[in-house]
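# Coordinates in review
Okay, here's what each chain looks like letter by letter:
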Amino acid sequence: MAYGERIPIKTRKEIELMRESGRHVAEILLELREMVRPGISTLELDEAAEEAIGNRGVMSSFKGYDPHGLPAYPAVLCVSINDEIVHGIPGSRILEDGDIVSLDFGVACSGYHGDSALTMGVGKIDEEKRQLLDVTQDSLNLAIAEMGPGKRLSDIGHVVQTRAESEGYSVVRVFAGHGIGSRLHEAPWIPNYGKPGRGPRLKPGMVLAIEPMVDVGGPDVEMLDDQWTAVTADGSLSAHFEHTILITSEGREVLTRVEGSH
Ligand code: MF3
Ligand code: CO
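Criteria and cut-off values
- Residues numbered from 1 in each chain as written.
- Chains lettered and ligands numbered in written order.
- Predicted model: local features only at pLDDT ≥ 70, side-chain atom pairs only at ≥ 80, totals over all residues.
- Heavy atoms only, no water.
- Helix = DSSP H or I, 4+ residues; strand = E, 2+ residues; numbered from the N terminus.
- Rg over C-alpha atoms; globule rule 2.2 N^0.38 Å.
- Buried < 20%, exposed > 50% of the residue type's maximum accessible area, 1.4 Å probe, protein only.
- Areas by Shrake-Rupley, 256 points an atom, 1.4 Å probe, with all protein chains shown as cover.
- Lys, Arg positive; Asp, Glu negative; His and termini not counted.
- Charge placed at Lys NZ, Arg CZ, Asp CG, Glu CD.
- Axes fitted to C-alpha atoms, helices over the stretch in contact; angles between N-to-C directions.
- Left-handed = near helix turned anticlockwise from the far one by under 90°.
- Contact = heavy atoms within 4.5 Å.
- Nonpolar A, V, L, I, M, F, W, Y, C, P; charged D, E, K, R; others polar.
- Polar contact = N/O pair within 3.5 Å; in protein donor to acceptor, adjacent residues only side chain to side chain.
- Near = heavy atom within 4 Å.
- 1 Å grid on protein atoms, 1.4 Å probe; cavity = no way out; pocket = protein on both sides within 12 Å on 5 of 7 lines; lining within 4 Å.
- Sits in = over half its atoms within 2 Å of the grid points.
- Salt bridge = Lys/Arg side-chain N within 4 Å of Asp/Glu carboxyl O.

## Comments concerning the overall build of the protein
- Broken down by element type, the protein carries four helices and 15 strands.
- The C-alpha radius of gyration of the protein comes to 17 Å, within 12% of the 18 Å expected for a compact globule of 262 residues.
- The principal-axis extents of the C-alpha atoms in the protein amount to approximately 45 × 45 × 40 Å.
- Out of the 262 residues in the protein, the part that is buried amounts to 53%.
- Carbon together with sulfur atoms contributes 49% to the accessible area of the protein, which is approximately 10,900 Å² in total.
- Taking the 25 positively charged and 41 negatively charged side chains of the protein as two groups, their mean positions are separated by 10 Å.

Printed below as a string of structure tokens:
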């Protein structure tokens, strides 16, 4: 299983390519964020993302992705609304005032991937939703702050879980963060929960995609008939934030962040 392989250390050249893909992901996500409003369809967002990919001469990391013999993922963007956790397929669904929507997006430059996601309100959202978004984003930021050379892999999930559960939320367990490089998903598997101080030590040149998925209710997941969209089993709201992060000799560099990013 790919996630059990040793964690690749990227070369300087590979890191350059991943900086580039990360920047494209960040900039395109900023454009998509501006388009989110009541009345827009999820397909319109995907089409805008696909156009931006074409204009920039990069490749989608998601379209055609086929991890487990299921239907290949058909779009460049994942759009997951309210109780949808991740991997919502864009289509005719219209965003409504008061929804929360996650945009998850990845591109590759010369075969090296960047992957990032954010969740935001559509129009005006209530306090319960605002709090879920803030806490989930905070859990990612706390995990990022914890990352650096010599830290242990499980410290990441421990920080995410502690922050999410401190508000009575739960973390999804069947999906996780992941190494990223010449493959979108590579070693290691990075759960959003666990005890600290376990697993391999982080080293400069590792690149990791950290992606907390946090539910207001329980952690259990159900899959829709499209075989991709994951929803909360209890119908509760779910939020998702993600960044691609390089471990450096000093600490870390968030490759999918530009000015104005989440
Ligand atoms: N950020 C998501 C993940 O790492 C994106 C995957 S969408 C897929 O799971 F289509 F590529 F699978
Ligand atoms: Co990811």
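## Section: the packing of helix H1 (residues 12-35) against helix H2 (residues 42-56)
- Running from amino to carboxyl end, H1 crosses H2 at an angle of 145°, the nearest separation of the two axes being 10 Å. Considering only the axes of H1 and H2, their crossing is right-handed. Contacts between H1 and H2 involve His24, Glu27, Ile28, Glu31, Leu32 and Met35 on the former and, on the latter, Glu44, Leu45, Ala48, Ala49, Ala52, Ile53 and Arg56.
- Classifying every residue of the contact of H1 with H2 gives eight nonpolar, one polar and four charged.

## Remarks on the environment of Ser249
- Relative to the elements of secondary structure, Ser249 occurs in the loop between strand E14 (243-247) and strand E15 (252-254).
- For the pair Ser249 and Leu118, spaced 131 residues apart in sequence, the C-alpha separation works out to 27 Å.
- Non-local contacts of Ser249, meaning those with residues more than four positions away in its chain, are made with Pro149 and Pro204.
- A distance of 3.2 Å separates the side chain of Ser249 from the side chain of Glu250, its partner in a polar contact.

## Brief notes about the site of ligand 1
- Every one of the 13 residues lining ligand 1 counts as a neighbour, but Asp104, His178, His185, Glu211 and Glu242 are closest to it.
- Within the contact set of ligand 1, a nitrogen atom lies 3.0 Å away from a side-chain nitrogen or oxygen of Asp115.
- Coverage of ligand 1 by the protein amounts to 96% of the 340 Å² it exposes when considered alone.
- The site holding ligand 1 turns out to be the largest pocket.

## A few points about the pattern of salt bridges
- Across all of its chains, the model carries 14 salt bridges by this definition.
- Among the salt bridges present, the one from Arg19 reaches Glu16, with a minimum N-O distance of 2.7 Å. Of this pair, Arg19 and Glu16 both sit in helix H1, three residues apart, roughly one helical turn.
- The class of Arg19 is partly exposed, set by a relative accessible area of 31%.
- A relative accessible area of 42% means that Glu16 is categorised as partly exposed.
- One salt bridge connects Arg93 with Glu84, and the closest N-O pair in it is separated by 3.1 Å.
- Residues participating in the shared-partner salt-bridge network are Arg23, Glu27, Glu31 and Arg56.

## Notes on the environment of Ile28
- Checked against the element boundaries, Ile28 lands in helix H1.
- Residue classification places Ile28 among the buried positions, given a relative accessible area of 0%.
- With 24 residues separating them in the primary sequence, Ile28 and Ala52 have C-alpha atoms 6.8 Å apart.
- Residue contacts for Ile28: discarding those within four places in its chain leaves Ala49, Ala52, Ile53, Arg56 and Phe105.

## As for unusual backbone geometry
- Residue Ala187 is joined to Pro188 through a cis peptide bond whose omega torsion reads 0°.
- Despite not being glycine, Asn82 shows a phi value in the positive range, around 55°.
- Within the element layout of this structure, Asn82 appears in the loop between strand E2 (77-81) and strand E3 (84-86).
- The backbone of Gln227 shows a phi angle near 70°, a positive value even though the residue is not glycine.
- Looking at the element boundaries, Gln227 is found in the loop between strand E11 (221-223) and strand E12 (230-232).

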